[in-house]
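Architecture at a glance
Read off the chains here:
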Amino acid sequence: MATSGTFNFALDIHEVIEEAWDIAGLEIKGGYDLKSTVRSLNLLLTEWVNKGINLWTVDQLTTSLTANDNTYTLNAKVVDLIDTVVRDSNNTDVSTTRISMAEYLSYPTKSTSGKPTQLALERNASGGHTLYTYPTADVSTYSLISWAIIYPEDAGKYTDNPAVPRRFLPALVNGLAYKLALKNPAQAMSDGQGNMTSVNGVSADRRAELKGLYLETMAEAVMEDRERTSFLLVPSASSG
């Protein structure tokens with residue numbers, strides 16, 4: 001049996017949009033429809049950030065620490081930090097502890113110097129979160145190595161590929177189809193004989209089906225997007 005022998009399937013932004021409109025049972029009628037759909041696509045990708053950690057949105061970042069400086073502005077693509085270590089000039093890593101902004105503000109002498117072991121993160125509305133370290137770095141040879149959650153890249157040109165793994169494409173398309181259905185609900189109209197019918201849009205039943213399809217494919221993608229590592233359960237021994 002002949003097969004393609006290739007593993008390069010991908011969709012560009014325009015193809016994602018076309019597939020979503022097809023699934024929703026709608027027809028693109030003009031340029032505004034495309035503009036509106038790209039906006040919905042970007043909102044959908046942003047919505048995914050709030051649903052938990054997807055491994056493909058985790059990136060390692062390096063922040064050079066400066067002597068006598070305890071405040072740093074992170075890249076605007078950073079949503080939050082997961083794990084961090086401080087690395088010295090000997091490439092020795094020391095784990096850090098995340099503290100709350102309230103706890104950091106309670107420290108009376110923030111200029112205390114040494115190897116930073118604690119950090120607080122002020123998450124700003126427009127991105128570019130502010131990172132505070134404690135103690136303040138005493139030398140400029142430390143680096144903060146972080147695993148960070150980052151925003152997905154924006155949906156850009158129609159010929160670009162969406163910045164999601166191939167395994168998330170069904171969820172992306174189905175999610176967009178559901179969003180389009182919400183924006184184009186069927187209107188109830190009379191058939192002239194006292195009977196009401198739905199026309200010019202997506203019926204309530206179909207919208208419910210699209211929502212279920214989206215949630216199902218998203219759950220499948222999230223379940224697959226995990227680390228396949230062994231884990232050990234240790235029972236807690238207590239005296240009775």
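Described in the following lines is the structure provided in the data block. Predicted model only: the values in this text are computed from it and were never measured.

Some remarks on the overall build of the chain
Looking only at helices and strands, the chain has 5 helices and 12 strands in total. Whereas a compact globule of 240 residues would reach a radius of gyration of roughly 18 Å, the chain reaches 25 Å, over 25% beyond that. With respect to the principal axes defined by its C-alpha atoms, the chain has extents near 80 × 55 × 45 Å. Taking all 240 residues of the chain together, 38% fall into the buried category. For the chain, contacts bridging at least 24 residues in sequence account for 68% of all contacts bridging at least 6.

Details of unusual backbone geometry
Across the junction of tyrosine 134 and proline 135, the peptide omega takes the value -10°, indicating a cis bond. On the secondary structure map, proline 135 appears in the loop between β8 (130–134) and β9 (136–137). In this model, asparagine 68 sits at a positive phi of 70°, which is unusual for a non-glycine residue. As for its placement among the helices and strands, asparagine 68 is situated in the loop between β1 (58–64) and β2 (71–73). Located in the positive-phi region is asparagine 91, a residue other than glycine, with phi close to 60°. Among the secondary structure elements, asparagine 91 is positioned in the loop between β3 (78–87) and β4 (93–95).

Brief notes about the pairing of strand β10 (residues 143–150)
The buried fraction of β10 amounts to 7 of the 8 residues, a majority that puts the element mostly inside the structure. Sheet topology note: the β1/β10 ladder contains 7 bridges and is antiparallel. Considered in β10, the bridge of leucine 61 is made with serine 146.

Here we look at helix α2 (residues 31–49)
Since the α-helix turns once every 3.6 residues, residues separated by three or four places project in the same direction. Helix length check: α2, at 19 residues, gives a terminal C-alpha distance of 28 Å against a target of 27 Å (1.5 Å per residue), a fit within 8%. Of all the positions in α2, only Asp33, Leu34, Ser36, Thr37, Val38, Ser40, Leu41, Leu44, Leu45, Trp48 and Val49 are classed as buried. Here the buried face of α2 lies against α1 (13–24), β3, α4 (169–183) and α5 (204–224).

As for empty space enclosed by the protein
Under the definition given, this model contains 1 cavity of 30 Å³ or more. Approximately 30 Å³ is the volume attributed to the largest cavity. Lining the largest cavity we find Trp48, Val49, Gly52, Asn54, Thr57, Ile149 and Ile150. Mapped onto the lining of the largest cavity, the elements with two or more residues apiece are α2 and β10. Of the residues that constitute the lining of the largest cavity, the class distribution is 4 nonpolar, 3 polar and no charged.

Re the nonpolar core
With 32 residues, the main nonpolar core has Ile17, Trp48, Val164, Phe168, Leu172, Leu176 and Leu210 as its most contacted residues. At the level of elements, α1, α2, α4 and α5 are the ones that each hand at least two residues to this core. Looking at this core, the element that brings in the most residues is α4, giving 9 residues. Non-local contacts of isoleucine 17, meaning those with residues more than four positions away in its chain, are made with Ile28, Leu34, Thr37, Val38, Tyr158 and Leu176. Core analysis: the next-biggest nonpolar cluster, separate from the first, contains 14 residues, Leu61, Leu81, Leu131 and Ala148 among them.

Observations regarding a negative patch on the surface
A contiguous patch of negative charge on the surface is contributed by Glu15, Glu18, Glu19 and Asp22. As for its placement among the helices and strands, glutamate 18 is situated in helix α1. In this structure glutamate 18 comes out as partly exposed when scored by relative accessible area, which is 37%.

Here's the deal with the packing of aromatic side chains
As enumerated under the stated definition, the model contains 7 aromatic pairs in all. Ring centres of tryptophan 48 and tryptophan 56 lie 6.4 Å apart, and the angle between their planes is 80°; on these two criteria the pair is classed as edge-to-face. Residue class for tryptophan 48 comes out buried when judged on its relative accessible area of 1%. Summarising the aromatic geometry, the rings of tyrosine 107 and tyrosine 134 are spaced 4.6 Å apart at their centres and angled 50° between planes, so their arrangement reads as tilted. On the criterion of sequence distance, the pair formed by tyrosine 107 in the loop between α3 (101–106) and β6 (113–114) and tyrosine 134 in strand β8 is long-range, its members being 27 residues apart. For the pair tyrosine 107 and tyrosine 134, one class covers both residues: buried. Three or more aromatic residues joined by ring pairs make a cluster, and in this case those are Tyr104, Tyr107, Tyr132 and Tyr134.

Rules used in this analysis
Residues numbered from 1 in each chain as written. Predicted model: local features only at pLDDT ≥ 70, side-chain atom pairs only at ≥ 80, totals over all residues. Heavy atoms only, no water. Helix = DSSP H or I, 4+ residues; strand = E, 2+ residues; numbered from the N terminus. Rg over C-alpha atoms; globule rule 2.2 N^0.38 Å. Buried < 20%, exposed > 50% of the residue type's maximum accessible area, 1.4 Å probe, protein only. Contact = heavy atoms within 4.5 Å. Pairing = 2+ DSSP bridges. Expected span 1.5 Å × (residues − 1). 1 Å grid on protein atoms, 1.4 Å probe; cavity = no way out; pocket = protein on both sides within 12 Å on 5 of 7 lines; lining within 4 Å. Points joined across faces, edges and corners; volume = space filled by probe spheres on them. Nonpolar A, V, L, I, M, F, W, Y, C, P; charged D, E, K, R; others polar. Core = buried A, V, L, I, M, F, W, Y, C linked by side-chain atoms within 4.5 Å. Patch = residues over 30% accessible without salt bridge, like charges linked within 9 Å, V, L, I, M, F, W, Y side chains within 5 Å. Areas by Shrake-Rupley, 256 points an atom, 1.4 Å probe, with all protein chains shown as cover. Salt bridge = Lys/Arg side-chain N within 4 Å of Asp/Glu carboxyl O. Lys, Arg positive; Asp, Glu negative; His and termini not counted. Charge placed at Lys NZ, Arg CZ, Asp CG, Glu CD. Phe/Tyr/Trp six-rings, centres within 6.5 Å; stacked < 30°, edge-to-face > 60°.

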